[in-house]
Amino acid sequence: MRPTVLCFSGLDPSGGAGLQADIEAIGQSGAHAAIACTALTIQNSQQVFGFEATSKSLLLAQAHAVVGDLPICGVKSGMLGTTDNIAALAEFLAEHPEYFYVLDPVLVANSGGSLGDQATLVKAFTQLIPHATIITPNTVELRALTGEQDLELATQKLFAMGAKAILVKGGHEDTPDYIQNSLYIQGELVNQTRCARLEGEYHGSGCSLASFIAGRLALGDQLKTAVQHAETWLFGVLKNAETPIPNGQKIPKRFG
Ligand code: PLP
């Protein structure tokens, strides 16, 4: 069986983000995705209306059910929703130091909707940071996690908080023509990539990128190579993204 990534992620009924993005991206990377569902959200391509989080015991029971059953070699997390779920994941990762771990520190939806209380989540994420093989914040999340506005200082602060590698995604920066991502490993900038900024807003671009990285790590890529593969793949699926209704965020087309 294909190497498996166990994703801790929420359900987005639009299918753009969350666990569906994880399943599709990891499938496209060549690996297999298993899911421990953290929350059921109520949202569409335009906004989040609410969510109900899974209990800590239910979340852990889902994860434990597939350990030993599937060839899991790593974990990826997206929306966790509550401090209980973050504590559950920290517990699970402590039980499995053999797994790599891709931490996508989701705080809000791309549409701006709440996926949990931001201040509480930021505090709780400190438990997960030292477990992560790589953290993939956008610049809004990086500033929120560190309380530091300057991006270089914020990156170094995240390393001081226990990060081992960080992919800083520049999509929220004021660069009208391009998006620049920066990959840091052990405090050092090891790669910077620029791609053309595509028009419009995308639902699930962050989930897709982090999951594809996890899929490639499961297949044995080194970190830098996994990130490069994921960035190239993501650009293609965003270029082909579909617009559900005129004002809706675009849904990445991860197949075909
Ligand atoms: N996970 C869930 C369940 C979501 O609903 C969202 C955003 O709507 C995300 C994660 C993060 O999505 P993005 O990849 O757009 O940052």
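Residues numbered from 1 in each chain as written. Predicted model: local features only at pLDDT ≥ 70, side-chain atom pairs only at ≥ 80, totals over all residues. Heavy atoms only, no water.

Asker: Help me understand the environment of Thr 120, please; the structure alone is not making it clear to me.
Answerer: For Thr 120, the position within the fold is in helix α4 (residues 118–125). The exposure class of Thr 120 is partly exposed, given its relative accessible area of 36%. Here the alpha-carbon distance between Thr 120 and Glu 95, two residues 25 residues apart in the chain, equals 24 Å. (Helix = DSSP H or I, 4+ residues; strand = E, 2+ residues; numbered from the N terminus. Buried < 20%, exposed > 50% of the residue type's maximum accessible area, 1.4 Å probe, protein only.)

Asker: Looking at this structure, how should I read the site of the ligand?
Answerer: Lining the immediate surroundings of the ligand are 16 residues, of which Gln 43, Asn 110, Gly 204, Gly 206 and Cys 207 lie closest. Within the backbone of Gly 204, an N or O atom sits 2.9 Å from an oxygen atom of the ligand. Ser 205 is positioned such that a nitrogen or oxygen atom in its backbone is 3.5 Å from an oxygen atom of the ligand. Isolated, the ligand exposes 400 Å² of accessible area, and the fraction of that covered by the protein chains is 97%. (Near = heavy atom within 4 Å. Polar contact = N/O pair within 3.5 Å; in protein donor to acceptor, adjacent residues only side chain to side chain. Areas by Shrake-Rupley, 256 points an atom, 1.4 Å probe, with all protein chains shown as cover.)

Asker: Any chance you could explain the packing of aromatic side chains here in plain terms?
Answerer: Working definition: an aromatic ring pair is given by the centre-to-centre distance plus the angle between the planes. Per the stated rule, a full pass over the model turns up three aromatic pairs. Both rings, one in Phe 92 and one in Tyr 99, keep their centres 6.1 Å apart while their planes meet at 40°; by these two values the pair is tilted. What makes Phe 92 buried here is its relative accessible area of 0%. Seen from their ring centres, Phe 212 and Trp 233 are 4.5 Å apart, and the 20° between their planes marks the pair as stacked. Of this pair, Phe 212 sits in helix α7 (residues 205–218) while Trp 233 sits in helix α8 (residues 223–239), placing them 21 residues apart in sequence. (Phe/Tyr/Trp six-rings, centres within 6.5 Å; stacked < 30°, edge-to-face > 60°.)

Asker: Can you help me understand the layout of surface pockets in this one?
Answerer: A water-sized probe rolled over the atoms picks out the places where empty space is left. Roughly 1000 Å³ of internal volume is contained in the largest pocket. Every residue lining the largest pocket is counted, 46 residues in all, and those nearest its centre are Asn 110, His 172, Tyr 202, Ser 205 and Gly 206. Of all the secondary structure elements, the ones that give two or more residues to the lining of the largest pocket are β1 (4–11), α1 (18–29), β2 (32–43), α5 (139–146), β8 (178–185), β9 (188–196), α7 and α8. Its volume calculated, the second largest pocket comes out at about 180 Å³. In terms of lining residues, the second largest pocket is bounded by 14 residues, among which Leu 151, Val 168, Gln 180, Ser 182 and Gln 192 are the most central. Listing elements by their share of the lining of the second largest pocket, those giving two or more residues are α6 (151–160), β8 and β9. A total of four residues in the lining of the second largest pocket trace back to one element, the largest contributor, which is β8. Looking at the lining of the second largest pocket residue by residue, the class counts come to four nonpolar, seven polar and three charged. (1 Å grid on protein atoms, 1.4 Å probe; cavity = no way out; pocket = protein on both sides within 12 Å on 5 of 7 lines; lining within 4 Å. Points joined across faces, edges and corners; volume = space filled by probe spheres on them. Nonpolar A, V, L, I, M, F, W, Y, C, P; charged D, E, K, R; others polar.)

Asker: Sorry, what's going on with α7 here?
Answerer: Within an α-helix, residues lying three or four positions from one another point in the same direction, as the helix has 3.6 residues per turn. Between its terminal C-alpha atoms α7 stretches 20 Å, which fits the 20 Å expected from 14 residues at 1.5 Å a residue. Burial analysis of α7 places 14 of its 14 residues in the buried class, the great majority of the element. Downstream of α7 by a residue or two, Gly 220 has a phi angle that is positive, lying close to 105°. (Expected span 1.5 Å × (residues − 1).)

Asker: Could you clarify how one ought to interpret the UniProt feature "domain: Pyridoxamine kinase/Phosphomethylpyrimidine kinase" (unreviewed entry) in the chain in this entry?
Answerer: As annotated by UniProt and renumbered to match this structure, "domain: Pyridoxamine kinase/Phosphomethylpyrimidine kinase" (unreviewed entry) occupies residues 12–241. As annotated, residues 12–241 comprises 40% helix and 22% strand, and the C-alpha atoms at either end are separated by 17 Å. (UniProt positions renumbered as here; feature names shortened; annotations may be inferred.)

Asker: Please clarify how the side chain of Ser 205 should be interpreted in this entry.
Answerer: Inspection of the secondary structure puts Ser 205 in helix α7. Ser 205 sits in the buried class, given a relative accessible area of 17%. Sequence-distant contacts of Ser 205, that is, excluding residues within four places in its chain, are made with Asn 110, Leu 234 and Leu 238. (Contact = heavy atoms within 4.5 Å.)

Asker: Quick question: what am I supposed to make of the packing of α1 against α7 here?
Answerer: Packed helix pairs are specified by the crossing angle of their axes together with the interaxial distance, meaning the distance between the axes. Where α1 meets α7, the closest approach of the two axes is 8 Å, and the angle between their N-to-C directions is 40°. When the axis of α1 is compared with that of α7, the two are oblique. Judged by the sense of rotation from one axis to the other, the crossing of α1 with α7 is right-handed. Every residue of α7 that contacts α1 at Gly 18, Ala 21, Asp 22, Ala 25, Ile 26, Gln 28 and Ser 29 is listed here: Cys 207, Ser 208, Ser 211, Phe 212, Gly 215 and Arg 216. (Axes fitted to C-alpha atoms, helices over the stretch in contact; angles between N-to-C directions. Parallel < 35°, antiparallel > 145°, perpendicular 65-115°, else oblique. Left-handed = near helix turned anticlockwise from the far one by under 90°.)

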